[in-house]
Amino acid sequence: MRGSPVTRAIELLGDRWSLLVVRDAFQGVRRFEDLLSRTGASRATLARRLRSLEASGVLCRVDSDGSPGRREYRLPAMGRDLFPLSMVAWRWERRWAPRGAGIPLKLQHTACGHDMQPETACAGCGGLLVLRDVEHRRGPGRLPSAATRRTRSWRLSALTAATHRGSQSTLTHIADIVGDPWTPLLIAAALLGQRRFDEFQHELGIATNILSARLELLVRQKILARRLYERHPPRHEYRLTLKGRDLLHYAVVLNAWGDRWLTPSGGPAYHLVHRVCGRVIKPLVRCSHCHAALLPGAVTHAHRFRRSAQLAQAPQ
């Protein structure tokens, strides 16, 4: 996993505020004050995240209606390509967020006119992706050496879905899990079969105190389950729960986005391969009814007491 596109994607998007900014951008929110209200971030934090997303190419700033001085944020091609990720995040949140969490009750695919669930399939063979059929293999790129690996000091946000101050609560529960760069890396390692403390530490180069805290968080969130495998001395391993295994779709789609936009010239160090067809996985997030790819502007969502609102196709 070291040197993989998903690692670089997490470094760019793996914090709570970046996830919520992208969420809102897909719903047509473009101005700083509106993003401030919906995300619940402080002004300084939001300004930093917007600068980072703009510098990376996920967002761009343009004059509003051609008026200099009135700037708004739009999604260029790199940002719009995150739409499948927003769909699998919605699917996970709809299944696992607590009742009454403000998650849209259903999605409708306007291309076929039916209510649907986003599905994640292998574009090569059309089969739905399940964990037992996904494996990782060495790619053409080089793994970073110990000397060149960056020492990370990412901090866990104190905010959670329960204390969220923004006006829009959708996707705040998945942000509790993947809105910190260490936790999705741990989940990715677990999805690739690692279970023990030493294995996680060796793979990620993470300090023991940070690793202990993140493992405890994932156990508390019921993403991982702690299992005793040795009694003298007591040693535990960490296994994915059904809730944790269901994050496969998020990890695969994020990895594919990283492959497209963040892979170095030598290629990725790892590939995810679909055992069913033997091909490198190119995930297709599609409508469960007509099996067409889900695109911005072709999906609506319905709240319990609101009329359907189109998920915006951000202008270029």
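Owing to the predicted nature of the structure, the values given are computational and were not obtained by experimental measurement.

1. Points about the pattern of salt bridges
Right, on to step 1. Counting across every chain of the model gives 22 salt bridges.
Right, on to step 2. When the shortest N-O distance is used, the salt bridge between D24 and R23 registers 2.8 Å. No difference in accessibility class separates D24 from R23, as the two residues are buried.
Right, on to step 3. Across the salt bridge formed by R137 and E135, the nearest N and O atoms sit 2.5 Å from each other.
Right, on to step 4. On the accessibility criterion, R137 (40% relative accessible area) is partly exposed.
Right, on to step 5. Take E135: its relative accessible area is 18%, and that puts it in the buried class.
Right, on to step 6. Salt bridges here are not isolated pairs; linked through shared partners, they connect R30, R31, E72 and R74.

2. Details of the packing of helix 9 (residues 197-204) against helix 10 (residues 208-220)
Right, on to step 1. Packing of helix 9 against helix 10 brings their axes to within 11 Å, and their N-to-C directions diverge by 120 degrees. Here helix 9 lies oblique to helix 10, going by the angle between them. Relative to helix 10, helix 9 is oriented so that their crossing is right-handed. Counting all contacts with helix 9, which are made through F197, F200 and Q201, the residues of helix 10 involved are T208, L211, S212 and L215.
Right, on to step 2. Among the residues forming the contact of helix 9 with helix 10, the class breakdown is 4 nonpolar, 3 polar and no charged.

3. Focus: the sheet that holds strand 6 (residues 134-138)
Right, on to step 1. Strand order in the open sheet formed by 3 strands is 6-9-10, with antiparallel pairing between adjacent strands. Looking along the sheet, the strands with just one partner apiece sit at the ends: strand 6 and strand 10 (279-280).

4. Some thoughts on helix 4 (residues 43-56)
Residue pairs three or four apart in sequence face the same way in an α-helix, which turns once every 3.6 residues.
Right, on to step 1. The first and last C-alpha atoms of helix 4 sit 20 Å apart over 14 residues, in line with the 20 Å expected at 1.5 Å per residue.
Right, on to step 2. By the burial criterion, the buried members of helix 4 are T45, L46, L50 and L53. Down the axis of helix 4, the buried set is contained in an arc of 130 degrees. They therefore lie on one face. Helix 4 presents R51 and A55 as exposed residues on the side facing more than 90 degrees away from its buried surface.
Right, on to step 3. G57 sits one or two residues past helix 4 and shows a positive phi near 100 degrees.

5. Side note on helix 3 (residues 32-39)
Right, on to step 1. Among the residues of helix 3, those classed as buried are L35, L36, R38 and T39.
Right, on to step 2. Looking one or two places after helix 3, you find G40, whose phi comes out positive at around 80 degrees.

6. Topic: the packing of helix 3 against helix 4
Right, on to step 1. Running from N to C, helix 3 and helix 4 point in directions that differ by 115 degrees, and their axes come no closer than 10 Å. The element helix 3 and its partner helix 4 pack so that their crossing is right-handed. On helix 4, the residues that touch F32, E33, L35 and L36 of helix 3 are R43, L46, A47 and L50.
Right, on to step 2. Residue composition of the contact of helix 3 with helix 4, grouped by class: 6 nonpolar, no polar and 2 charged.

7. Brief notes about the nonpolar core
Note that soluble globular proteins tend to have their nonpolar side chains buried in a common cluster.
Right, on to step 1. The biggest cluster of nonpolar side chains holds 79 residues, and the ones touching the most others in it are Y250, L254 and W257.
Right, on to step 2. If sequence neighbours within four positions are ignored, Y250 has contacts with L19, L85, V88, A89, I174 and V178.

8. Section: the confidence of the model for the protein chain
Right, on to step 1. The predicted model of the protein chain averages 86 in pLDDT, with 86% of residues at 70 or higher.
Right, on to step 2. Looking at the elements of the protein chain, mean pLDDT is at its lowest for strand 13 (residues 309-310), recorded as 46, and at its highest for strand 11 (residues 283-287), recorded as 98.
Right, on to step 3. Taken together, the stretch residues 145-153 has pLDDT below 50 and engages in 11 contacts with residues farther than four places along the chain or on a different chain.
Right, on to step 4. Contacts for the low-pLDDT stretch residues 303-310, under 50 throughout, to residues beyond four places or in other chains number 13 contacts.

9. Some details on the side chain of H249
Right, on to step 1. Tracing the sequence through the fold places H249 in helix 12 (residues 248-262).
Right, on to step 2. Polar contacts involving the side chain of H249 include one to the side chain of T120, which spans 3.4 Å.
Right, on to step 3. H249 has contacts with V88, R91, T120 and L129, leaving out every residue within four places of it along the chain.

10. Focus: the environment of H249
Right, on to step 1. With a relative accessible area of 11%, H249 lands in the buried category.
Right, on to step 2. Sequence separation between H249 and A121 is 128 residues, and the spatial gap between their C-alpha atoms is 9.1 Å.

11. Quick look at the environment of G126
Right, on to step 1. The topology assignment puts G126 in the loop between strand 5 (118-122) and strand 6.
Right, on to step 2. Expressed as a C-alpha distance, the spacing of G126 and H291, which sit 165 residues apart in the sequence, is 9.2 Å.

Cut-off values and rules
- Residues numbered from 1 in each chain as written.
- Predicted model: local features only at pLDDT ≥ 70, side-chain atom pairs only at ≥ 80, totals over all residues.
- Heavy atoms only, no water.
- Salt bridge = Lys/Arg side-chain N within 4 Å of Asp/Glu carboxyl O.
- Buried < 20%, exposed > 50% of the residue type's maximum accessible area, 1.4 Å probe, protein only.
- Axes fitted to C-alpha atoms, helices over the stretch in contact; angles between N-to-C directions.
- Helix = DSSP H or I, 4+ residues; strand = E, 2+ residues; numbered from the N terminus.
- Parallel < 35°, antiparallel > 145°, perpendicular 65-115°, else oblique.
- Left-handed = near helix turned anticlockwise from the far one by under 90°.
- Contact = heavy atoms within 4.5 Å.
- Nonpolar A, V, L, I, M, F, W, Y, C, P; charged D, E, K, R; others polar.
- Pairing = 2+ DSSP bridges.
- Expected span 1.5 Å × (residues − 1).
- Arc of directions from axis to C-beta.
- Core = buried A, V, L, I, M, F, W, Y, C linked by side-chain atoms within 4.5 Å.
- pLDDT = per-residue confidence, 0-100.
- Polar contact = N/O pair within 3.5 Å; in protein donor to acceptor, adjacent residues only side chain to side chain.

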